[in-house]
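Examining the three-dimensional arrangement
Listed here are the chains, written in short residue letters.
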Amino acid sequence: MIRNGGQQDVPFLRAMLRHAYHWHVNRLDDSEIPISRYVEGWWRPGDTAVVALEGGHPIGAAWFRTFPPEAPGWGFVDEQTPELTIAVVPARREHGIGKQLLEELAARARDAGHSRLSLSVQRESPAVGFYERHGFTVHDERDDAFTMVADLDAG
């Protein structure tokens, strides 16, 4: 089951950041982009989240928010393109939950008037193939990461 995410989910979203950005976590002290940026002050206008539940317990989440150029996320493209974060607890990966979360969040982004979504992913991550299968293409390359973008008008 997938439900709307809200303010009550911030602790879970914060926990999911460690799964979504594990490859950045080791460099957090050196990074100009704090991981907390993805949930800090959650529920700004435009912040949108969905949470996957199993047996009433959260097992995955996907959310997006936009960032200003002076405080971007790792997958920043521009102020109008929301950046996606998605994570599923390790024990429930490869069961289609990420696909469901991504499809639901993309639909919500389209409904909110967004024409595309962006994200950051480690270049060697198996998630690159997952994102490509869902319409994301490489927009930019930096260090060991891709910024990928999906055109929502095409889906």
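In the block above lies the structure referred to throughout.
**Notes on unusual backbone geometry**
Unusually for a residue other than glycine, W43 sits at a positive phi of about 95°. Tracing the backbone shows W43 in the loop between α2 (22-25) and β2 (48-54). On the accessibility criterion, W43 (44% relative accessible area) is partly exposed.

**Let's talk about the pattern of salt bridges**
A complete count under the given rule lists 9 salt bridges for this structure. Salt-bridge contacts for D9 lead to R3; the nearest nitrogen and oxygen are separated by 2.8 Å. Given the relative accessible area of 5%, D9 is considered buried. For R3, a relative accessible area of 24% puts it in the partly exposed group. One salt bridge in this structure joins E103 and K99, with 2.9 Å as the shortest N-O distance. Here K99 and E103 lie together in helix α3 (residues 97-111), a separation of 4 residues that amounts to about one turn. Three or more residues are tied together by salt bridges with common partners; here these are R44, D47 and R65.

**Considering the nonpolar core**
Counting residues in hydrophobic clusters, the biggest one holds 46 residues, and the most contacted among them are W63, L84, L101, Y131, F136 and M148. Among the secondary structure elements, those contributing two or more residues to this core are α1 (10-20), β2, β3 (57-65), β4 (83-88), α3, β5 (116-122), α4 (127-133) and β7 (145-151). Discounting residues that sit within four places of it in the chain, L101 has contacts with I2, V50, V51, A52, G60, A61, A62, I86, A87 and V88.

**Comments concerning the environment of G5**
Looking at the element boundaries, G5 is found in the loop between β1 (2-4) and α1. Distance in space between the C-alpha atoms of G5 and A112 is 15 Å, their sequence separation being 107 residues. When neighbours within four sequence positions are excluded, G5 is seen to be in contact with W43, A49, V50 and V51.

**Some words on α3**
Helix length check: α3, at 15 residues, gives a terminal C-alpha distance of 21 Å against a target of 21 Å (1.5 Å per residue), a fit within 8%. For α3, every residue scored as buried is listed here: I97, G98, L101, L102, L105, A106 and A109. Summarising the axial view, the buried residues of α3 lie within an arc of 155°, below the 170-degree limit, and thus occupy one face. Where α3 ends, the next residue or the one after it, G113, has phi of about 95°, a positive value.

**Description of the pairing of β4**
Each regular strand carries side chains that alternate between the two faces of the sheet. Burial runs high along β4: 6 of the 6 residues are buried. Residues E83, T85 and A87 of β4 are buried on one face, and the alternating residues L84, I86 and V88, pointing to the opposite face, are buried as well. Here 6 bridges tie β3 to β4, and the two strands are oriented antiparallel to one another. Among the inter-strand pairings, A61 is bridged to a residue of β4, identified as A87.

**Some points on the packing of aromatic side chains**
Under the criterion given, the structure shown has 5 aromatic pairs. Judged by centre distance (5.4 Å) and plane angle (75°), the ring pair of Y38 and F67 falls under edge-to-face. Of this pair, Y38 sits in the loop between α2 and β2 while F67 sits in the loop between β3 and β4, and the two are 29 residues apart along the sequence. For Y38, a relative accessible area of 1% puts it in the buried group. Summarising the aromatic geometry, the rings of W42 and W43 are spaced 5.9 Å apart at their centres and angled 50° between planes, so their arrangement reads as tilted.

What counts and how
Residues numbered from 1 in each chain as written. Predicted model: local features only at pLDDT ≥ 70, side-chain atom pairs only at ≥ 80, totals over all residues. Heavy atoms only, no water. Helix = DSSP H or I, 4+ residues; strand = E, 2+ residues; numbered from the N terminus. Buried < 20%, exposed > 50% of the residue type's maximum accessible area, 1.4 Å probe, protein only. Salt bridge = Lys/Arg side-chain N within 4 Å of Asp/Glu carboxyl O. Core = buried A, V, L, I, M, F, W, Y, C linked by side-chain atoms within 4.5 Å. Contact = heavy atoms within 4.5 Å. Expected span 1.5 Å × (residues − 1). Arc of directions from axis to C-beta. Pairing = 2+ DSSP bridges. Phe/Tyr/Trp six-rings, centres within 6.5 Å; stacked < 30°, edge-to-face > 60°.

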